[in-house]
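Here are the chains, one letter per residue:
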Amino acid sequence: MTSRELREKFLKFFEQRGHIIIPSASLVPEKDPTTLFTGSGMQPLIPYLLGQPHPLGKRLVNSQKCFRAEDIEEVGDNRHTTFFEMLGNWSLGDYFKEEQLSWFFEFLTKEVNLDPNRLYITVFSGDPNNNIPRDDESVAIWKELFAEKGVKAKDVELLNSKQGAKLGMQGGRIFYYDSSKNWWSRSGLPENMPSGEPGGPDSEVFYEFVEVEHDSKFGKYCHPNCNCGRFLEIGNSVFMEYKKNENGSFDKLLQKNVDFGGGLERITAAANNSPDIFEIDLLSSIIKKMEDLSGIDYGGEGKESFRIIADHMRAASFMIADGVRPSNVERGYFIRRLVRRAVRHADTLKMSKGSLVSLINPIVQSYADDYPEIVQNKSLIEETIKEEEDKFRETLEKGLKVFEKISVKAGGLISGRGAFDLYQTYGFPLEMTLDLAKEKGIKVDEEGFRKEFQKHQKMSRTSADKKFKGGLADTKEETVKLHTAHHLLLAALQKILGPQVKQRGSNITSERLRIDFSHSKKMTTEELKKIEDLVNQKIKEGLNMIKKEMSKEEAENIGAEMEFGVKYSDIVSVYLAEDDKGNIFSKEFCGGPHVKNTKDLGHFKITKEESVASGIRRIKAILE
Ligand code: SER
């Protein structure tokens, strides 16, 4: 079965069950500033999952282009890709578990003809901390579905991968795992979800490739979520019925949704009983071309390189077709990274220089009928890939000379600084420097490299922030209010987390504030809540924002907050947030502007807490 046939079958199957077929959204999210790329089928549908009526109704079906940057290092095994198509069917407050699980099972066993004996199920074991029950309903439905096929379906509790590897299958067919495996939201675990974010328990289906022997490198026993390659996850039904609230606990959404996502390539691989997804049509045509170009067989040694090149060239092509251009930042950086990795692996396969561009043809052919943007942008894709390869080769050549020099001087150890220069100026990823160094029998100060990397990140952030006065994008009333809230927030962070917390960057627009600060671990929901409450309390207390000019020395003496790495003049202004009795809640080096009194700010809310670099957290917050 080809993936094209499978895509058709899926869309039709759900169309016959009242679903409207919708086109794939772009890889570049439209109204979602929280993420660089569309990485799942549900992302473009968030407003509708939260309750906004969709113009086409409550039942939708699609095949969505996805790019998952976080999987870039995983590519090379039998099943990971950065780009893939996710088949999805959607109930926006319409049907729920019964219909969803029965239909998907019917689709797999009747339309795709998979043997039910090869299918294994995982379900949510519950989360007592967040008051979310075990998904017994799904288990009951699955048992019945298997019983109809005459397949015994014993349920077994494994909870997580560690236990799974310790306990193994135990004759089970349905397995309970905790939120590490069977909870879905854009931000992962319930604890990591910002308030307002929807999520829910899910039930996954795995296909078993019986020919693949378990590899004990991945644990003593095999189980559905084991990474040895015997089990392949082919579909995930998310029962999206929860939303995180401002207190950090969970409320039911107004509607119960189904968000189903299944990898097109993976289901096709199962349909063909091929544990290697690179052997299905969409990817094998690219690999075939590489075999011609390199004179090497895919079956042999360079398998990993074949897979990386095929995936990366396909992903870069789709990004370019969706309007992304190579650059050193944000989205464009991923094209650069994909092409650079592909170039290095093309060299491993001894493909001739400049030949990557010939892989665009098979890619365009495979997708021409379903993704017209790929055909329309064919020449642009080719030119871009060619240019990027040429550019990279030029820098590589220069970099190699520099590497030779450095390695002679290195005396057995290339410094962090040296490795970072190779990265920064010549585009050598650390792993490449490590490889080259290994060939010469010398070592690289990896830790030093990481330190340099962070230092650089911090510097570029600081200079970007300084473009704005006090980190402000403008001086609109809303921006000024958020600026004052920013001061209260920094003070609250220090009160709750400790005085060692220091600001490391900031940026304020009329819509939200952002603060980067030093803190070694992820903040708990409780801490976030305490901080939010404290800021709101201080807003209510109506503190006066008072500006004082003083010498830098004096300001330091009274302990006014200053940002690390920023140069201040000799006479500085300091803003105090002070109540009527003269109690000072916050004091900061700052040029303003600020509101006169905090009572004007409204309600303060943290919308996101995340890591930006090791030891540096970032908070985004709004006033409503
Ligand atoms: N959102 C779920 C996933 O990405 C199902 O579509 O796996």
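Cut-offs used in this document
Residues numbered from 1 in each chain as written. Predicted model: local features only at pLDDT ≥ 70, side-chain atom pairs only at ≥ 80, totals over all residues. Heavy atoms only, no water. Helix = DSSP H or I, 4+ residues; strand = E, 2+ residues; numbered from the N terminus. Polar contact = N/O pair within 3.5 Å; in protein donor to acceptor, adjacent residues only side chain to side chain. Contact = heavy atoms within 4.5 Å. pLDDT = per-residue confidence, 0-100. Disulfide = S-S within 2.5 Å. Axes fitted to C-alpha atoms, helices over the stretch in contact; angles between N-to-C directions. Parallel < 35°, antiparallel > 145°, perpendicular 65-115°, else oblique. Left-handed = near helix turned anticlockwise from the far one by under 90°. Nonpolar A, V, L, I, M, F, W, Y, C, P; charged D, E, K, R; others polar. Near = heavy atom within 4 Å. Areas by Shrake-Rupley, 256 points an atom, 1.4 Å probe, with all protein chains shown as cover. Pairing = 2+ DSSP bridges. Salt bridge = Lys/Arg side-chain N within 4 Å of Asp/Glu carboxyl O. Buried < 20%, exposed > 50% of the residue type's maximum accessible area, 1.4 Å probe, protein only. Patch = residues over 30% accessible without salt bridge, like charges linked within 9 Å, V, L, I, M, F, W, Y side chains within 5 Å. Lys, Arg positive; Asp, Glu negative; His and termini not counted. Charge placed at Lys NZ, Arg CZ, Asp CG, Glu CD.

**Remarks on the side chain of Asp322**
Right, on to step 1. Note on placement: Asp322 falls in the loop between helix H9 (303-321) and helix H10 (330-348).
Right, on to step 2. Reaching out from Asp322, the side chain makes a polar contact with the backbone nitrogen of Leu27 at a distance of 2.8 Å.
Right, on to step 3. Of note is the side chain of Asp322, whose polar atom sits 3.0 Å from the side chain of Lys65.
Right, on to step 4. Among residues more than four places away in sequence, those in contact with Asp322 are Ser26, Leu27, Val28, Lys65 and Glu373.

**Focus: the confidence of the model for the protein**
Right, on to step 1. In this model, the protein carries an average pLDDT of 91, and 95% of its residues clear a pLDDT of 70 or more.
Right, on to step 2. When the criterion is pLDDT under 50, residues 463-470 qualifies, and its contacts beyond four places in sequence or with other chains add up to 14 contacts.

**Things to note about the state of the cysteines**
Right, on to step 1. Under the counting rule described, the total for this entry stands at 0 disulfides.
Right, on to step 2. Cysteine Cys226 remains unbridged, with the sulfur of Cys228 as its closest cysteine sulfur at 3.8 Å.

**Topic: the packing of H9 against helix H13 (residues 378-409)**
Right, on to step 1. Two elements in contact, H9 and H13, have axes separated by 9 Å at closest approach and are oriented at 120°. In terms of their interaxial angle, H9 and H13 are classed as oblique. As H9 packs across H13, the resulting crossing turns out to be right-handed. Of the residues in H13, those touching H9 at Met313, Ala316, Ser317, Ile320 and Ala321 are Leu380, Ile381, Thr384 and Ile385.
Right, on to step 2. Considered class by class, the residues forming the contact of H9 with H13 number 7 nonpolar, 2 polar and no charged.

**A word on the side chain of Thr433**
Right, on to step 1. When you line up the elements, Thr433 lands in helix H15 (residues 430-439).
Right, on to step 2. Beyond its immediate stretch of four places on either side in the chain, Thr433 contacts Phe403, Ala419, Leu422, Phe428 and Val444.

**A short note on the site of the ligand**
Right, on to step 1. Around the ligand, the structure places Ser40, Met42, Arg68, Met86, Trp184, Asn236, Val238, Asp259, Phe260 and Gly261.
Right, on to step 2. The contact in question runs from an oxygen atom of the ligand to an N or O atom on the side chain of Trp184, over 3.5 Å.
Right, on to step 3. Taking Asn236, its side chain carries an N or O atom lying 3.3 Å from an oxygen atom of the ligand.
Right, on to step 4. Starting from 230 Å² of accessible surface for the ligand in isolation, the protein chains cover 95%.
Right, on to step 5. With 3 residues, the top contributor of residues to the shell around the ligand is strand E10 (residues 250-263).
Right, on to step 6. Split into classes, the residues belonging to the shell around the ligand amount to 5 nonpolar, 3 polar and 2 charged.

**Observations concerning the sheet that holds strand E19 (residues 616-623)**
Right, on to step 1. The strand order E13-E14-E19-E18 describes an open sheet built from 4 strands, whose pairing is antiparallel. Edge positions in the sheet fall to strand E13 (503-508) and strand E18 (604-613), since each has one partner strand and no second. Each neighbouring strand pair of the sheet contributes to a mean axis angle of 15°, computed without reference to strand direction.
Right, on to step 2. On the sheet, helix H17 (residues 477-497) packs against E13, strand E14 (513-518), E18 and E19 and is oriented at approximately 25° with respect to E14.
Right, on to step 3. Sheet contacts for helix H18 (residues 525-541): E18 and E19; angle to E18, the most-contacted strand, approximately 135°.

**Describing the packing of H13 against H15**
Right, on to step 1. Look at H13 against H15: their axes get within 12 Å of each other, and the N-to-C directions meet at 50°. As far as their axial angle goes, H15 and H13 are oblique. For the pair H13 and H15, the sense of crossing is right-handed. Across from Leu396, Leu400 and Phe403 in H13, the residues of H15 making contact are Met432, Thr433, Leu436 and Ala437.

**Quick notes on the sheet that holds strand E17 (residues 584-589)**
Right, on to step 1. Ordered in space as E15-E16-E17, the 3 strands form an open sheet in which the pairing is antiparallel. Either end of the sheet is taken by a strand with one partner, and the two such strands are strand E15 (544-551) and E17. This sheet shows a mean twist of 25° between the axes of neighbouring strands, independent of strand direction.
Right, on to step 2. Pairing of E15 with strand E16 (residues 571-578), which is carried by 8 bridges, proceeds in the antiparallel orientation. Bridge pairing in E16 links Lys547 to Tyr575.
Right, on to step 3. Where H17 meets the sheet, its contacts fall on E15, E16 and E17, and the angle it forms with E17 comes to roughly 115°.

**A short note on the pattern of salt bridges**
Right, on to step 1. One pass over the structure, following the stated rule, counts 43 salt bridges.
Right, on to step 2. A salt bridge links Lys65 to Asp322, with the nearest nitrogen and oxygen atoms 3.0 Å apart. A residue pair is termed long-range when its members are at least 10 positions apart, and Lys65 in strand E2 (residues 59-67) and Asp322 in the loop between H9 and H10 qualify at 257 residues.
Right, on to step 3. According to the relative accessible area criterion, Lys65 is buried, its value standing at 3%.
Right, on to step 4. Put simply, Glu609 and Arg617 hold a salt bridge, and the shortest N to O gap is 2.7 Å.
Right, on to step 5. We classify Arg617 as buried; its relative accessible area is 10%.
Right, on to step 6. Residues participating in the shared-partner salt-bridge network are Arg4, Arg7, Glu85, Asp369 and Asp370.

**Brief notes about a negative patch on the surface**
Right, on to step 1. Together, Glu98, Glu99, Glu144 and Glu148 make up a negatively charged patch on the protein surface.
Right, on to step 2. Within the residue set of the negative patch, elements represented by two or more residues are helix H3 (97-111) and helix H4 (136-148).
Right, on to step 3. With respect to the helices and strands, the residue Glu98 is situated in helix H3.
Right, on to step 4. The exposure class of Glu98 is partly exposed, given its relative accessible area of 46%.

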